[in-house]
Amino acid sequence: MAKGGGERGALLPVSADVGKGNGGGGGGDDAVLFKGSAMTRRGAAAALSYMACSVLLVMFNKAALSSYSFPCANVITLLQMVCSTCLLYVLRRLKIISFTNSDPSVPSDSIFFVPFRMLLRTTPLSLAYLLYMLASMESVRGVNVPMYTTLRRTTVVFTMTMEYFLAKQKHTPPIIGSVALIVFGAFVAGARDLSFDARGYAIVFVANITTAVYLATINRIGKSSGLNSFGLMWCNGLVCGPSVLFLTYIQGDLKRTMEFPYLYSPGFMAVLLFSCILAFLLNYTIFWNTILNSALTQTMCGNLKDFFTVGIGWVLFGGLPFDLLNVIGQGLGFLGSGLYAYCKIKGK
């Protein structure tokens, strides 16, 4: 199942190194989108895959936390981690995937499938992931979907700041201008909603900070750890899983979950199932997109997919009446995201 093709032995693209033999101008995955573009076909595929998974995951998480009024966001995070780790274990045990850039059929000499030193090396990434997951899940609850996506766009500022301090990465004036336009649009869109829920807004901004730290850490550690996307996800599960389990236990979330009236409802169970599947795919595409492109590109993809998140969220969950100022702000944000995408593709 995982054979045939040398370094393309894995079923899914897992790192920035896969397929490099194609060169930049051929017809392979590493060929540029078009002449003069700075983004490859694989980079574009990673970005589009992330956006699709992200939109769907927000909808299913929102359905669980708001439509069913499930009180324990951390339990959903725990379920997502357990399902992801178990799936990775099965795929690795069957030698369908590898956690490093080696052939999946090569046996591992570690009980963790990766050397212990690699596990320690990725600990900062895992801790950043833990904070990102907990804050992101809780931030969905207190804010309606349109305003949630609006506030989350300000993550780009935090991401640019973290990239500068961690990787000394600087950006061109067109990129900075597009980011400024996004942030301005976010404040315009939320101008008449700033008194809606102070706690909800605060949690969203905490989620923005943790997201920026997480993405910048992926970009810094992911490329130098020797692990591919699946390996990084595996290490995250091993380090973060016990921590989340302990947190849910001491907070009483496990007991409240067992007492939840819709726990065995087929609809609620279906929502949880899809949430876990999409969380696995989202984590994979986050690593894939960030390693192939950059942390800022990953963040901007999150802004571009907001067009669909806002539209679907408005239809399914409501929570924000039509307001011209909000529409103008949303439009400015999408314009800024489009400008960034144009600069990225053209290599400016």
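Residues numbered from 1 in each chain as written. Predicted model: local features only at pLDDT ≥ 70, side-chain atom pairs only at ≥ 80, totals over all residues. Heavy atoms only, no water.

- If you check an unreviewed UniProt entry, the protein appears there as Sugar phosphate transporter domain-containing protein from Miscanthus lutarioriparius.
- We quote the UniProt Subcellular location (unreviewed entry) comment for the protein here in full: "Membrane". (UniProt positions renumbered as here; feature names shortened; annotations may be inferred.)

Some remarks on the UniProt feature "transmembrane region" (unreviewed entry) in the protein
And step 1. Annotation from UniProt places "transmembrane region" (unreviewed entry) at residues 43–60, 72–91, 175–192, 198–218, 230–250, 262–286 and 307–328.
And step 2. Helix makes up 95% of residues 72–91 and strand 0%, whereas the separation of the span's terminal C-alpha atoms amounts to 29 Å.
And step 3. Helix makes up 100% of residues 230–250 and strand makes up 0%, while its end C-alpha atoms are separated by 30 Å. (Helix = DSSP H or I, 4+ residues; strand = E, 2+ residues; numbered from the N terminus.)

Observations regarding helix α4 (residues 123–139)
And step 1. With 17 residues, α4 should reach 24 Å at 1.5 Å per residue; the first-to-last C-alpha distance of 24 Å fits that figure.
And step 2. For α4, a buried count of 12 out of 17 residues is recorded, marking the element as mostly surrounded by other parts of the structure.
And step 3. Taken residue by residue, α4 has L125, S126, A128, Y129, L130, Y132, M133, L134, A135, S136, M137 and S139 as its buried positions. (Expected span 1.5 Å × (residues − 1). Buried < 20%, exposed > 50% of the residue type's maximum accessible area, 1.4 Å probe, protein only.)

Side note on the packing of aromatic side chains
And step 1. For the structure on display, the rule yields 17 aromatic pairs.
And step 2. For the ring pair F230 and Y284, a centre distance of 5.0 Å and an interplane angle of 20° mean the geometry is stacked. One end of the pair, F230, is in helix α9 (residues 229–250); the other, Y284, is in helix α11 (residues 266–292), with 54 residues separating them in the sequence. Here the two residues F230 and Y284 agree in accessibility, since each one is buried.
And step 3. Members of the aromatic cluster, joined through ring pairs, are Y68, F70, F260, Y262 and F268. (Phe/Tyr/Trp six-rings, centres within 6.5 Å; stacked < 30°, edge-to-face > 60°.)

Let's talk about the pattern of salt bridges
And step 1. Evaluation of the coordinates by the stated rule reveals one salt bridge.
And step 2. D253 is the salt-bridge partner of R256, the closest N and O atoms lying 2.3 Å from each other. In this pair, R256 and D253 both sit in helix α10 (residues 253–258), three residues apart, roughly one turn of the helix.
And step 3. On the basis of relative accessibility, which here comes to 3%, the residue D253 falls in the buried class. (Salt bridge = Lys/Arg side-chain N within 4 Å of Asp/Glu carboxyl O.)

Looking at the environment of F113
And step 1. Residue position: F113 is located in the loop between α2 (73–93) and α3 (116–121).
And step 2. Through-space distance from the C-alpha of F113 to that of T100 is 9.3 Å; in sequence the pair is 13 residues apart.

Some remarks on the confidence of the model for the protein
And step 1. Considering every residue of the protein, the mean pLDDT works out to 75; 71% of them sit at 70 or more.
And step 2. The secondary-structure element of the protein with the lowest mean pLDDT is helix α13 (residues 306–316), recorded at 64, while α10 shows the highest, at 90.
And step 3. The model gives residues 1–12 a pLDDT under 50, and that stretch makes 21 contacts with residues more than four places away or in other chains.
And step 4. For the stretch residues 14–26, pLDDT sits under 50, and the model shows 34 contacts to residues farther than four places along the chain or on other chains. (pLDDT = per-residue confidence, 0-100. Contact = heavy atoms within 4.5 Å.)

Considering the environment of Y89
And step 1. Along the chain, Y89 falls in helix α2.
And step 2. A C-alpha to C-alpha distance of 8.9 Å links Y89 and F113, two positions 24 residues apart in sequence.
And step 3. Those residues within four positions of Y89 in sequence are excluded, and the remaining contacts are F113 and W234.

Section: the environment of C343
And step 1. Of note, C343 is situated in helix α14 (residues 324–346).
And step 2. Since its relative accessible area comes to 2%, C343 is described here as buried.

Brief notes about the packing of α9 against α11
And step 1. Direction vectors running N to C along α9 and α11 enclose 125°, while the axes themselves pass 9 Å from each other. Classed by the angle they form, the pair α9 and α11 counts as oblique. Of the two elements, α9 crosses α11, and the hand of that crossing is right-handed. Each of S229, F230, L232, M233 and N236 in α9 lies in contact with α11, whose residues at this interface are F280, N283, Y284, F287, W288 and I291.
And step 2. A class-by-class count of the residues in the contact of α9 with α11 yields eight nonpolar, three polar and no charged. (Axes fitted to C-alpha atoms, helices over the stretch in contact; angles between N-to-C directions. Parallel < 35°, antiparallel > 145°, perpendicular 65-115°, else oblique. Left-handed = near helix turned anticlockwise from the far one by under 90°. Nonpolar A, V, L, I, M, F, W, Y, C, P; charged D, E, K, R; others polar.)

Quick notes on a nonpolar patch on the surface
And step 1. A grouping of L245, F246, Y249, I250 and L254 is seen on the molecular surface, where their side chains present a nonpolar patch of about 540 Å² in accessible area.
And step 2. When residues of the nonpolar patch are assigned to their parent elements, the largest contribution, four residues, is made by α9.
And step 3. Mapped onto the fold, L254 is located in helix α10.
And step 4. The exposure class of L254 is partly exposed, given its relative accessible area of 31%. (Patch = residues over 30% accessible without salt bridge, like charges linked within 9 Å, V, L, I, M, F, W, Y side chains within 5 Å. Areas by Shrake-Rupley, 256 points an atom, 1.4 Å probe, with all protein chains shown as cover.)

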